[in-house]
Amino acid sequence: MNNQSVTFLEGSQPPLEDTRRRQLIEVTIDSLAELGYVGTTLAQIATRAGVSPGLVAHYFGDKDGLLDAAIRSLARRVSNHVRARLRQVSTPRARIQAVIDANLAPEEFERRTGTAWLAFWGQVLQVKSLKRVQSVYQQRTLSNLRSSLKKLVPPDEAQRLAAMIAAMIDGVWLRAALSGWREADSESARALLTAFVDGRLMQAAPASNDNGAAARARSSGPAAGERFASINPATGEILGYVTAAGSSQVDAAVRAAQKGQAVWGAMTGTERARVLRRGADILRSRNQELAELETRDTGKPIQETRVVDVASGADCFEYFAGLVQSLSGEHIDLGTAAFGYTRREPLGVVAGIGAWNYPLQIACWKAAPALACGNAMIFKPAELTPFTAVKLQEILLEAGVPPGVFQVVQGFADTGRLLTRHPDIRKISLTGEVGTGKAVMSDAAQTLKNVTLELGGKSPLIIFGDAKLDNAVSGALLANFYSSGQVCSNGTRVFVHRSIMAAFLERLVKRVSAMRIGDPMDPETQVGALVSEQHMHKVLSYIDRGRAEGARLLTGGMRVTKGGLAKGYFVSPTVFDNCRDDMAIVREEIFGPVMSVLEFEDEQEVIERANATEFGLAAGVFTNDLTRAHRVIARLQAGTCWINQYNVTPIELPFGGVKLSGLGRENGRAAIEHYTQLKSVYVAMGDVDAPY
């Protein structure tokens, strides 16, 4: 897909010629994926696109011109991803990793895109125009690698190593393509290249510079002690820098946590409750300051962060402060000779790894139950949004939490691995992607850590014909466009009964088109920026994919650059209908403001379609028939469900998913089970009768 979307003023439409060219390029990529290079002809493309061959020739001249435009489109996407990743990092090793990760990203291993690439590469020796594109693509990759490697190893070695890395990138990708994507995947390919690069850098680093170069060689992000930038996604400006933690910093944090936990865990529940309540009070008193910082770090509108992000975190501390005083085991009567009892005890030192969409709320959701149960927590925020967790650490110290009991360490995946693999950390709570969850679970298994995983989703929202229409539209808006669509539980598959489809779409499009996109610091803004340029390109590529697969774009679907938004990462709220269950926009998590509307006829059908996904985080039902509502909810394979509402998450209710959406629960009394361990005690009341 072409990720280099042309930008237009909000409310306008792309020029017809540009739109037509893009559509024809997408159809060409589809054809290449299905029929190969030889089978793709101007006539065949015209038939697929529903236009005349002459129109295709008008835009592209001949077949070579059309295929040249298509391969340039694919190459631009990779280049955009590389540039976006490079902007997020500053160290040489991290820049090398950015090139690897962009070239071997999951979207490059997707069958349609990968097969189209394969069709092109098979012709580069015969077609000069394709050879030129390939040469530019390869030289750019080599240049990016060489410039970073020269800062880590001698120039000759940098030249050789850059060529080897580029060859391995092409090689693992080609192997995956030739095996029909069965013998390699994005995650394993990136892991292979990362291990290779780290090994070679360790061997090649000059002895005189061993400390600095070797440290950089070990890290796929900034080395320990090196700074990395956090960028305001609404402006593209650097907000500030934080320092990445390495093994020595994590070890020191664990030692401090053990010391602090010994004091904190020995306090009574009432004593801990007082401290947690003070934490909640301080959060509320600093609501405006924290909301502004959260908005600058995430790009979300201030109208959201001011009423949800900080307040929900404070609610969480207040709830668990109330719950901690009632934590207890139970007494078990074992007759006249003995009795038993259980003790609910803290785990010790635990770790939390946060996501970038709700940085402060997630930190609170993990810290509050952990601390209430007497644990100490080391928390790593997402590298894209590092700041408000640091403020939470300051607030909890001010409230009276002993030093070391809640600490923040910053960094990328390598810092997270130091937590998941540390032998003295007894639990990991992660909010993140499915692939990350699998890696965390694998690491945790080595020391039998407890894990709570809150992962992704592709949740269904089912609207029956008897639903109150305005409420259903409101629910669909909350299920898709809050936080610019960057919510894991979003109900992005909106199933609407055929009898109300036309009326639903009319009201929906009217309200979506009226949503205000703008400066997130403006209280009137309803839609802010996506979290990064890279993520924006991912979302735009899915929108292009939806068009290419035949979905009908009803509104939105473009980058917004009006006024002062040109340097930010804004995408207009997007609604597709005429969607099919097999479309990528319906099957895959986009994590952006993209809604897919699907029609259904009867209850049994929609339940089966709703459950036909590897995810199971959330689901919603709108209907006036409450018997049907409870019946349908009981059959939906999801951990968090709503009836006649969506995306409301009170602290009192457990939150979490099933299937690939995760393990365990956050919030509610259920969270206590994940942050404590049960000890059974047998108490004898008489003499011991030994048989020997």
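Procedures and definitions
Residues numbered from 1 in each chain as written. Predicted model: local features only at pLDDT ≥ 70, side-chain atom pairs only at ≥ 80, totals over all residues. Heavy atoms only, no water. Helix = DSSP H or I, 4+ residues; strand = E, 2+ residues; numbered from the N terminus. Rg over C-alpha atoms; globule rule 2.2 N^0.38 Å. Contact = heavy atoms within 4.5 Å. Areas by Shrake-Rupley, 256 points an atom, 1.4 Å probe, with all protein chains shown as cover. Phe/Tyr/Trp six-rings, centres within 6.5 Å; stacked < 30°, edge-to-face > 60°. Buried < 20%, exposed > 50% of the residue type's maximum accessible area, 1.4 Å probe, protein only. Lys NZ or Arg CZ within 6 Å of the ring centre and 35° of its normal. Polar contact = N/O pair within 3.5 Å; in protein donor to acceptor, adjacent residues only side chain to side chain. Pairing = 2+ DSSP bridges. Axes fitted to C-alpha atoms, helices over the stretch in contact; angles between N-to-C directions. Core = buried A, V, L, I, M, F, W, Y, C linked by side-chain atoms within 4.5 Å. Salt bridge = Lys/Arg side-chain N within 4 Å of Asp/Glu carboxyl O. Parallel < 35°, antiparallel > 145°, perpendicular 65-115°, else oblique. Nonpolar A, V, L, I, M, F, W, Y, C, P; charged D, E, K, R; others polar.

A.B. asks: Would you mind showing me how to read the overall build of the protein chain here?
C.D. replies: The number of helices and strands found in the protein chain is 25 helices and 20 strands. A compact globule built from 692 residues would reach a C-alpha radius of gyration of about 26 Å, and the protein chain, at 27 Å, matches this within 12%. C-alpha extents for the protein chain along the principal axes are approximately 95 × 75 × 60 Å. For the protein chain, restricting intrachain contacts to residue pairs at least 6 apart in sequence, the fraction spanning at least 24 positions comes to 72%. On the protein chain, roughly 27,800 Å² of surface is accessible, and the fraction owed to carbon and sulfur atoms is 52%.

A.B. asks: I tried to follow the packing of aromatic side chains on my own but got confused; where do I start?
C.D. replies: Two aromatic rings are characterised by how far apart their centres lie and by the angle between their planes. Counting across every chain of the model gives eight aromatic pairs. Taking the centre distance of 5.8 Å and the plane angle of 65° together, the rings of Trp365 and Phe655 count as edge-to-face. Taken together, the positions of Trp365 in helix H15 (residues 359–372) and Phe655 in the loop between strand S18 (640–643) and strand S19 (662–663) put the pair 290 residues apart, joining distant regions of the chain. Under the relative-accessibility criterion, Trp365 is labelled buried at 6%. Seen in terms of ring centroids, Phe464 and Phe600 are 5.4 Å apart; in terms of plane orientation they differ by 90°. Their pairing is edge-to-face. With a gap of 136 residues between them, Phe464 in the loop between strand S10 (460–463) and helix H19 (469–478) and Phe600 in strand S16 (residues 594–600) connect regions that are remote in the sequence. On the basis of relative accessibility, which here comes to 2%, the residue Phe464 falls in the buried class. A residue is classified by how much of its surface remains accessible, and Phe600, at 1% relative accessible area, is buried. Here Lys300 stacks its cationic end above the ring of Tyr358, 3.3 Å away from the centre of that ring. Residue placement shows Lys427 over the ring face of Tyr675; its charged tip is 5.0 Å from the ring centre.

A.B. asks: Where do I start with the environment of Asp309 in this structure?
C.D. replies: Note that Asp309 resides in helix H14 (residues 302–324). Classification of Asp309 by relative accessible area gives buried; the value is 0%. Along the chain, Asp309 and Cys364 lie 55 residues apart, while their C-alpha atoms are 9.8 Å from each other. The contact partners of Asp309, leaving out residues within four places of it in the chain, are Glu294, Lys300, Glu304, Tyr358 and Gln361. One polar contact links Asp309 to Lys300, side chain to side chain, over a distance of 2.5 Å.

A.B. asks: Explain the sheet that holds strand S8 (residues 427–431) to me, please; I cannot follow it from the model alone.
C.D. replies: The pairing of strands in a sheet comes from backbone hydrogen bonds and takes either a parallel or an antiparallel form. Sheet architecture is open: six strands sit in the order S7-S6-S5-S8-S9-S19, paired in mixed fashion. Edge positions in the sheet fall to strand S7 (406–408) and S19, since each has one partner strand and no second. One ladder, built from five bridges, connects S8 with strand S9 (residues 450–454); its direction is parallel. Across the sheet, the residue bridging to Leu430 is Leu453, located in S9. Of the strands in this sheet, strand S6 (376–380) and S7 are in contact with helix H16 (residues 387–399), which crosses S7 at around 155°.

A.B. asks: Just checking my understanding: could you explain the nonpolar core for this structure?
C.D. replies: Considering soluble globular proteins, one finds that nonpolar side chains tend to be buried as a cluster. Formed by 109 residues in total, the largest nonpolar core has its most connected members in Phe317, Phe320, Leu371, Ile463, Phe504 and Leu508. Sort the elements by how many residues they give to this core and H14 lands first, with 10 residues. Those residues in contact with Leu371 that lie beyond four places of it in its chain are Trp264, Arg272, Leu276, Met377, Leu396, Val401, Val405 and Phe406.

A.B. asks: Just to check I follow, could you spell out unusual backbone geometry for this structure?
C.D. replies: With glycine set apart, most residues show a phi of negative sign, and most peptide bonds adopt trans. Backbone geometry places Asn644, a non-glycine residue, at a positive phi of 55°. When you line up the elements, Asn644 lands in the loop between S18 and S19. Take Asn644: its relative accessible area is 33%, and that puts it in the partly exposed class. Look at Asn647: it is not a glycine, yet its phi comes out positive at around 65°. Relative to the helices and strands, Asn647 resides in the loop between S18 and S19.

A.B. asks: Just checking my understanding: could you explain the sheet that holds strand S4 (residues 338–346) for this structure?
C.D. replies: The three strands are arranged S3-S4-S20 in an open sheet whose pairing can be described as antiparallel. Each of the sheet's edge strands pairs with one partner strand only, and the pair in question is strand S3 (331–333) and strand S20 (676–684). Neighbouring strand axes in the sheet, compared pairwise and without regard to direction, differ in orientation by 20° on average. In the sheet, S3 pairs with S4 via three bridges, with the strands oriented antiparallel.

A.B. asks: What is the right way to read the pattern of salt bridges from this model?
C.D. replies: Opposite charge on two side chains allows them to pair when their charged atoms are near. Taken as a whole, this structure holds 26 salt bridges when the rule is applied. In this structure, Asp544 and Arg547 form a salt bridge, with 3.0 Å as the shortest nitrogen-oxygen distance. One end of the pair, Asp544, and the other, Arg547, are both in helix H21 (residues 533–548), three residues apart, so they sit about a helical turn from each other. Overall, Asp544 belongs to the buried group, its relative accessible area being 4%.

A.B. asks: Looking at this model, I keep getting lost on the packing of helix H4 (residues 63–87) against H21. Mind explaining?
C.D. replies: Two quantities define a packed helix pair, namely the angle between the axes and the distance from one axis to the other. Interaxial distance between H4 and H21 falls to 8 Å at its minimum, and their mutual angle equals 155°. Viewed along their axes, H4 and H21 adopt a mutual orientation that is roughly antiparallel. From H4, Asn80, His81, Ala84, Arg85 and Arg87 reach across to H21, where they touch Glu533, Gln534, His537 and Lys538. Within the contact of H4 with H21, the residues separate by chemical class into one nonpolar, four polar and four charged.

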